[in-house]
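Here are the chains, one letter per residue:
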Amino acid sequence: MMKRTFALLLVFGIAQYGFAQITGSAHDFSGETWTVNTEICIVCHTPHSSNTTVGNAPLWNHEVTSTATFTLYTGGGTMDATTGQPGGSSKLCLSCHDGTVALENFGGTTTGTASVTTGDLGTDLSDDHPISFTYNTALATADGELYNPSTQDSGLGSTIDADLLFGGSLECGSCHDVHNAGFAYLLRIDNAGSALCLTCHNK
């Protein structure tokens, strides 16, 4: 009875936060030959014995990348933000997308061979949007071409810092929703007319 109650709470909790949208999305691996069964969530999440070594990793079940040093975007020296090595939720994304960890390395498996065939970023992030940096009022003021995240409407019901940032930090999940099949590239906001870009960039 307790297990069934927990399962129902997990399902209702997932549905409440929109995670049910993963069905049919690019992250729905239930039909892949390397999955242990048809469960959708198990590749990334588990109700028991989860990996707690990374912050913002709810009940994490996938092997985490061991890449210690990524080549970071620098903006040619014109960027006001101070970027750090990917952390938190971005490190989870890179656990598949840096190409060093097999997709089926979950639930304790570390010998998988399947890899991301599209969207593999590698460990050189110098040509990708910067992540894992603090985006706050001070940065927006110093930059002059960013909206104040504490007051700017995100388009998702509240402000940028409430809806798009993770503990005040811009991460992969600020633009991409791994559970959302609504827009191309799992974007959180439709980027028609560069709407997603213009949520933060005051151009």
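First, a word on scope: everything that follows refers to the structure included in this document.

1. Details of the overall build of the chain
From N to C terminus, the chain includes six helices and two strands. Reading the chain from its N end, one meets helices and strands in the order α-α-β-α-α-β-α-α. Split into buried and exposed, the 203 residues of the chain put 33% on the buried side. In the chain, of all internal contacts separated by at least 6 residues, the share reaching a separation of at least 24 is 55%. Total accessible area on the chain is roughly 11,600 Å²; 56% of this is exposed by carbon and sulfur atoms.

2. Points about the nonpolar core
One finds Phe133, Tyr135, Leu139, Ile160 and Leu170 to be the most contacted residues of the largest nonpolar core, which totals 16 residues. With nine residues, the next largest nonpolar core counts Val43, Cys96, Leu103 and Val116 among its residues.

3. Structural notes on the environment of Glu104
Along the polypeptide, Glu104 turns up in the loop between helix H2 (88–97) and strand S1 (133–134). What makes Glu104 buried here is its relative accessible area of 14%. Separated by 61 residues in the primary sequence, Glu104 and Val43 place their C-alpha atoms 7.1 Å from one another. Setting aside anything within four residues of it in sequence, one finds Glu104 in contact with Trp34, Thr109, Gly112, Thr113 and Ala114. At a separation of 2.9 Å, a polar atom in the side chain of Glu104 contacts the main-chain amide nitrogen of Thr113.

4. So, the packing of aromatic side chains
All told, the structure shown has one aromatic pair when counted by the stated rule. Relative to Trp34, the ring of Phe29 has its centre 5.2 Å away and its plane inclined at 50 degrees; by these criteria the two rings are tilted. By the burial criterion, Phe29 is buried, and Trp34 matches it.

5. Side note on the pattern of salt bridges
Taken as a whole and judged by the stated rule, the model has one salt bridge. Here Glu145 and Lys203 are joined by a salt bridge, their closest N and O atoms 2.4 Å apart. One end of the pair, Glu145, is in the loop between helix H3 (137–143) and helix H4 (160–163); the other, Lys203, is in the segment after helix H6 (197–200), with 58 residues separating them in the sequence. Residue classification places Lys203 among the exposed residues on the basis of a relative accessible area of 67%.

6. A look at unusual backbone geometry
One non-glycine residue with positive phi stands out, namely Ser49, at about 55 degrees. Note that Ser49 resides in the loop between helix H1 (2–16) and H2. With a phi close to 55 degrees, Leu186 is a non-glycine residue in the positive phi region. Relative to the helices and strands, Leu186 is located in the loop between helix H5 (172–175) and H6.

What counts as what
Residues numbered from 1 in each chain as written. Predicted model: local features only at pLDDT ≥ 70, side-chain atom pairs only at ≥ 80, totals over all residues. Heavy atoms only, no water. Helix = DSSP H or I, 4+ residues; strand = E, 2+ residues; numbered from the N terminus. Buried < 20%, exposed > 50% of the residue type's maximum accessible area, 1.4 Å probe, protein only. Contact = heavy atoms within 4.5 Å. Areas by Shrake-Rupley, 256 points an atom, 1.4 Å probe, with all protein chains shown as cover. Core = buried A, V, L, I, M, F, W, Y, C linked by side-chain atoms within 4.5 Å. Polar contact = N/O pair within 3.5 Å; in protein donor to acceptor, adjacent residues only side chain to side chain. Phe/Tyr/Trp six-rings, centres within 6.5 Å; stacked < 30°, edge-to-face > 60°. Salt bridge = Lys/Arg side-chain N within 4 Å of Asp/Glu carboxyl O.

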